[in-house]
Amino acid sequence: GYGLVGSQFTGDDYIKYSSKTYDLRETNRVDSMFKKLRYEPMQLDGVIHTAAKVGGVGGNMKYKGEFFYDNVMINTNVIESARKHNVKNLVCFLSTCVFPDDVEYPLTEKKIHLGPPHFSNYPYAYAKRMADIQIRAYREQYGLNYKSVIPTNIYGLNDNFDIENGHVLPSLIHKCYIAREAKRPLTIWGSGTPLREFINSKDIGKLTEWVLENYNEDEPIILSNSEEISIKEVVEMIIEIMNFKGEVKWDSDKPDGQHRKPSDNTKIKHYLPDFKFTPLYEGLKETITWFENNYESVRGTKCMDIYNYN
Ligand code: GFB
């Protein structure tokens, strides 16, 4: 409830728990959580399940076993315990990395299982695909209004800015901050040619609330603005916003990950034709301002002494 996505759901309408209180990999702890919810004063209308072991291409390639086990246990426990405790409505998060690496573009909701995912994050991708299977099975057997969303790369406030294991935008913002403060070169991973779609966590919050209240289909729904940008172009945006004047280096020993994952947002645009996605430049400016104003308390900034970063 307090991470990149969960922190978007605030106010008296929500009861939120953090992984420090309930380790969702432990079945009995998840059951205790749902039992506790029974004694809360408010009617439980539904569950937005945002918990996951997540990371960028670096974390996914380094911790393949953990990414598989943790996410399979978290999702299996939450979906099964919600059912056992009579929860009727649940939204689960997949990711655009679940799609096959070799499939006809654009990526639509029907193509999830049409081939193996990219080697850089297959454990995480398969774990997320199993949540899709579990939800379809529970809808058929129990008639539950459980569904899943497929967000593209999410960025925003309260993200994990760890340089080694974080996603690309928070990692680059953090590295650019260090390079600027320590007057050192800014090193970018890979070739810069891969393409990504980025969606602001505020938009994900609004779209997910709509899905909880209005969407009830077996098939997941993609949440994306379907606007691709190259890593190189997004680096230029970050450098401009952060007023970095130093040298930029490219580390070709680091992975490019998937070359692209162009998602088709026809379905969400059909339901919400007037939804306005946050422009990337505006979203990055807000995220960078927040990061610089909160540096000491931001997740992932304790990973190093900024003046010893090379
Ligand atoms: O967000 P990211 O790490 O993961 O983006 P994916 C990786 C892309 O950004 C690669 C480039 O093309 C990298 O070469 N990049 C450049 C960097 N500099 C950096 C850097 O300093 N840090 C990082 N992390 N990347 C993830 C999946 O894939 O997408 C997850 O692994 C999840 O499971 C997430 O699905 C949404 O976009 O490649």
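Residues numbered from 1 in each chain as written. Predicted model: local features only at pLDDT ≥ 70, side-chain atom pairs only at ≥ 80, totals over all residues. Heavy atoms only, no water.

(A) Focus on the side chain of Arg139. In this fold, Arg139 is placed in helix H4 (residues 122–142). When its relative accessible area of 12% is taken as the criterion, Arg139 is described as buried. Among the polar contacts made by the side chain of Arg139, one reaches the side chain of Asn216 at a distance of 2.8 Å. Setting aside residues up to four positions removed in sequence, Arg139 forms contacts with Leu144, Asn145, Tyr146, Asn216, Glu217 and Asp218. (Helix = DSSP H or I, 4+ residues; strand = E, 2+ residues; numbered from the N terminus. Buried < 20%, exposed > 50% of the residue type's maximum accessible area, 1.4 Å probe, protein only. Polar contact = N/O pair within 3.5 Å; in protein donor to acceptor, adjacent residues only side chain to side chain. Contact = heavy atoms within 4.5 Å.)

(B) Here's a closer look at the pattern of salt bridges. Considering all chains together, one arrives at 17 salt bridges under this definition. Among the ionic pairs, Lys84 bridges to Asp31, the shortest N-O distance being 3.1 Å. With Lys84 in helix H3 (residues 64–84) and Asp31 in helix H1 (residues 27–38), this residue pair connects regions lying 53 residues apart in the sequence. Given a relative accessible area of 42%, Lys84 falls into the partly exposed group. The class of Asp31 is buried, set by a relative accessible area of 12%. (Salt bridge = Lys/Arg side-chain N within 4 Å of Asp/Glu carboxyl O.)

(C) Quick peek at the site of the ligand. The local shell around the ligand holds 24 residues, among which Ser95, Lys175, Arg196, Pro255 and Asp256 are the closest. Taking Lys175, its side chain carries an N or O atom lying 2.8 Å from an oxygen atom of the ligand. Here an oxygen atom of the ligand sits 3.1 Å away from a polar atom, N or O, in the side chain of Lys261. Within the complex, the protein chains bury 98% of what would otherwise be the 700 Å² of accessible surface of the ligand. For the shell around the ligand, the elements supplying multiple residues, two or more each, are helix H2 (57–62), helix H5 (168–182) and strand S5 (186–189). Ranked by residue count, the leading element in the shell around the ligand is H5, at four residues. Looking at the shell around the ligand, its residues break down into 10 nonpolar, 10 polar and four charged. (Near = heavy atom within 4 Å. Areas by Shrake-Rupley, 256 points an atom, 1.4 Å probe, with all protein chains shown as cover. Nonpolar A, V, L, I, M, F, W, Y, C, P; charged D, E, K, R; others polar.)

(D) Representation of the pairing of strand S3 (residues 145–151) in the model. The element S3 is largely enclosed, with a buried count of seven among its seven residues. Burial along S3 is two-sided: the face carrying Asn145, Lys147, Val149 and Pro151 and the face carrying Tyr146, Ser148 and Ile150 are both buried. Here strand S2 (residues 89–93) runs beside S3; their pairing, made up of five bridges, is parallel. Bridging across to S3, Leu90 finds its partner in Tyr146. For the handedness criterion, the β-α-β arrangement of S2, H4 and S3 is classed as right-handed. Here S3 pairs with strand S7 (residues 221–223) via three bridges, running parallel. Bridging across to S7, Ile150 finds its partner in Ile222. (Pairing = 2+ DSSP bridges. Right-handed = clockwise from strand over helix to strand, strands pointing away.)

(E) Summary view of the environment of Met130. Inspection of the secondary structure assignment puts Met130 in helix H4. What makes Met130 partly exposed here is its relative accessible area of 43%. Between the C-alpha atom of Met130 and that of Leu94, which follows or precedes it by 36 residues, the distance is 9.6 Å.

(F) Here's a closer look at empty space enclosed by the protein. For the structure shown, the criterion picks out one cavity of 30 Å³ or more. Approximately 30 Å³ is the volume found for the largest cavity. What lines the largest cavity is Phe99, Pro100, Asp101, Tyr105, Leu107, Gln258, Arg260 and Lys261. The class makeup of the residues in the lining of the largest cavity is four nonpolar, one polar and three charged. (1 Å grid on protein atoms, 1.4 Å probe; cavity = no way out; pocket = protein on both sides within 12 Å on 5 of 7 lines; lining within 4 Å. Points joined across faces, edges and corners; volume = space filled by probe spheres on them.)

(G) Structural detail: the sheet that holds S2. With parallel pairing, the four strands of this open sheet are ordered in space as S1-S2-S3-S7. Each edge of the open sheet carries a strand with a single partner, namely strand S1 (47–49) and S7. Each neighbouring strand pair of the sheet contributes to a mean axis angle of 25°, computed without reference to strand direction. Lying on the sheet, H4 is in contact with S2 and S3; it crosses S3 at an angle near 155°. (Axes fitted to C-alpha atoms, helices over the stretch in contact; angles between N-to-C directions.)

Distances and angles like these do not, on their own, reveal function.
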